[in-house]
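Residue-level listing of the chains:
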Amino acid sequence: MSELLALDMTALAAVIGMAVATYVTRAGGFWLMGHITLTPRIERFLRNMANGVLIAIITAAAMRGDVAMWIGLAAVLAVMLLFRRSMTAILIGMAIAAALRQLLV
Amino acid sequence: MQAESPSASFTRAGVWQGMKLTLPYSVSALPFGLAFGAAAGALMSPAEAGLMSALVFAGAAQFAVLSMWTAPLPLAALVITAFLVNARHIVMGATLHPYFAPLPRRWVLAIAGGMTDAGWAITLQTMMRGSRDLGVLLGTIIMQWPVWVGGTVIGAVIGSSGLEPKRWGLDVLIAGVFMTSVVGLYRGRSDILPGIAAAAGTAAALLWLPGNWYILIGGLAGGLAGLVQRDE
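Residues numbered from 1 in each chain as written. Chains lettered and ligands numbered in written order. Predicted model: local features only at pLDDT ≥ 70, side-chain atom pairs only at ≥ 80, totals over all residues.

## Side note on the overall build of chain B
Put simply, the rule reads: Helix and strand definitions here come from DSSP, where helices need a minimum of 4 consecutive H or I residues and strands a minimum of 2 consecutive E residues; each element is numbered from the N-terminal end. With the radius of gyration taken over C-alpha atoms, the globule rule is written as 2.2 Å times the number of residues to the power 0.38. Exposure in this text rests on C-beta crowding, where 20 or more other C-beta atoms within 10 Å of a residue's own make it buried, 12 or fewer make it exposed, and counts in between make it partly exposed. The C-beta atoms are placed from the backbone. Note that contacts rest on C-beta atoms placed from the backbone: two residues are in contact if these are within 7 Å.
Helix and strand counts for chain B stand at 11 helices and zero strands. Computed over its C-alpha atoms, the radius of gyration of chain B comes to 19 Å, within 12% of the 17 Å expected for a compact globule of 232 residues. Overall, chain B is about 55 × 50 × 30 Å in size when its C-alpha atoms are taken along their principal axes. The 232 residues of chain B split such that 55% are buried. Taking all contacts inside chain B whose residues are at least 6 apart in sequence as the whole, residues at least 24 apart take part in 78%.

## A few points about the nonpolar core
To keep it simple, the criterion reads: A set of buried Ala, Val, Leu, Ile, Met, Phe, Trp, Tyr and Cys residues, joined through C-beta atoms within 7 Å, is what we mean by a nonpolar core. The split into domains, and so the bounds of each, comes from an automatic or database assignment of domains.
Within the largest apolar cluster, 108 residues are counted, with the highest numbers of intra-cluster contacts made by Met18(A), Ile57(A), Ala39(B), Ala82(B) and Ala175(B). Ranked by residues supplied to this core, first place goes to helix H2 (residues 40–64) of chain A with 12 residues. Here this core gathers at least three residues from each of two domains, domain 1 (12–185) and domain 2 (188–232) of chain B. Not counting residues within four places of it along the chain, the set of residues in contact with Ile57(A) comprises Ala64(B), Ser67(B), Ala175(B), Phe178(B) and Ile215(B).

## Things to note about the packing of helix H10 (residues 192–208) of chain B against helix H11 (residues 213–228) of chain B
Pairs of packed helices are described in terms of their axes, by the angle between the two and the distance that separates them. Residues and elements named next belong to chain B. Let me state the cut-off plainly: Only the stretch in contact is used when a helix axis is fitted, and all axes are lines through C-alpha atoms; the angle between N-to-C directions ranges over 0 to 180 degrees. Oblique is the label for any angle not under 35 degrees, not over 145, and not in the 65 to 115 range, which are roughly parallel, roughly antiparallel and roughly perpendicular in turn. With the far helix as reference, a near helix turned anticlockwise by less than a right angle produces a left-handed crossing, and one turned clockwise produces a right-handed crossing. Polarity classes work like this: nonpolar for Ala, Val, Leu, Ile, Met, Phe, Trp, Tyr, Cys and Pro, charged for Asp, Glu, Lys and Arg, and polar for all others, with Gly in that last group.
Running from amino to carboxyl end, H10 crosses H11 at an angle of 150°, the nearest separation of the two axes being 7 Å. In terms of orientation, H10 lies roughly antiparallel with respect to H11. When the axes of H10 and H11 are compared, the crossing they make is right-handed. For the pair H10 and H11, contact is made by Leu193, Pro194, Gly195, Ala197, Ala198, Ala200, Gly201, Thr202, Ala205 and Leu206 and by Trp213, Tyr214, Ile217, Gly218, Gly219, Ala221, Gly222, Ala225 and Gly226, respectively. For the contact of H10 with H11, a count of residues per class yields 12 nonpolar, seven polar and no charged.

## Regarding the domain arrangement of chain B
A common way to state how big an interface is: give the accessible area lost once the parts meet. Residues and elements named next belong to chain B. One can read the domain layout of chain B as domain 1 (12–185) and domain 2 (188–232). Taken over C-alpha atoms, the centre of domain 1 sits 24 Å from the centre of domain 2. Counting from both sides, the interface comprises six residues of domain 1 and, opposite them, five residues of domain 2. Here the residues of the side of domain 1 that touches domain 2 are counted per class, giving five nonpolar, one polar and no charged.

## Considerations on the interface of chain B and chain A
Each side of the interface is counted separately: chain B has 78 residues, and chain A has 67 residues. Per-element tally for the side of chain B that touches chain A: the top contributor is helix H9 (residues 170–185) of chain B, with 14 residues. Across the side of chain B that touches chain A, the residue classes tally to 51 nonpolar, 21 polar and six charged.

## Considerations on the environment of Tyr99(B)
The residue Tyr99(B) is located in helix H5 (residues 88–100) in this model. Between the C-alpha atoms of Tyr99(B) and Ile141(B), which are 42 residues apart in sequence, the distance is 18 Å.

Given below as structure tokens:
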């Protein structure tokens, strides 16, 4: 039980820091619009940066991953492109990777 | 009640409307909450995972930090990653601002703290149909927050019971969340070049830089490539 409730001080600091950073982004758009106008250029930069971060995480997972990760990710992409069901795509990719790791070990 | 009124309002009817419109999304948030909890439970205690979901309340950012959640925790990298992954909210908030501009600023800034992608989309659609009720946004939060936090805690208790993350493919689950987001956010050919730039920047950073610089570099490469390429 104590393990379930364990609260590390560094982890707490990380969570609070993340919460503040997230709040700044959520309130930031409302706040900024009262002061400056968000130009299409800034908007395009922010949008592509956000996409870039998502792609960075996928790229890192693929570069650090094993064959099961590669095939699993390819399956996620294929199912998502075909059916546009994110949870289904993720679960299929995960199941394929888990199955491959059982077989390959 | 005042859905047709042009002046901004904040009513119980608006909250109710937002809640009703969010119901389908809150159902689909449950498996994501469980999945996040299960993945997080292998790395941190259920209390820490639940607290993160309660205070950060941002699925993509929370999944993103899991791959960096190793002792000693890289605090700066975790906070910067949360900011970068959530930077899209700045644009989203800016699009909602005009509808709520007449309302007291502190109401708007308080409720904005719980704006999710789904909550923003529902609110914007409702505003485009003529409503000016900030309650709608609050309603979307009421329908998502308890599901996300509850799902996290349940998933984390399961995940903390000696689950081997890789064996169950939880690393693929985390990467898969982002893969589906990228496909879902794809808007057309103008996204291709920034996407390639982001991947190339990330690969270079992973090969030649230590730590978690790849997230910042990948994000900046994507953002800058978006500026450089000519408008379609």
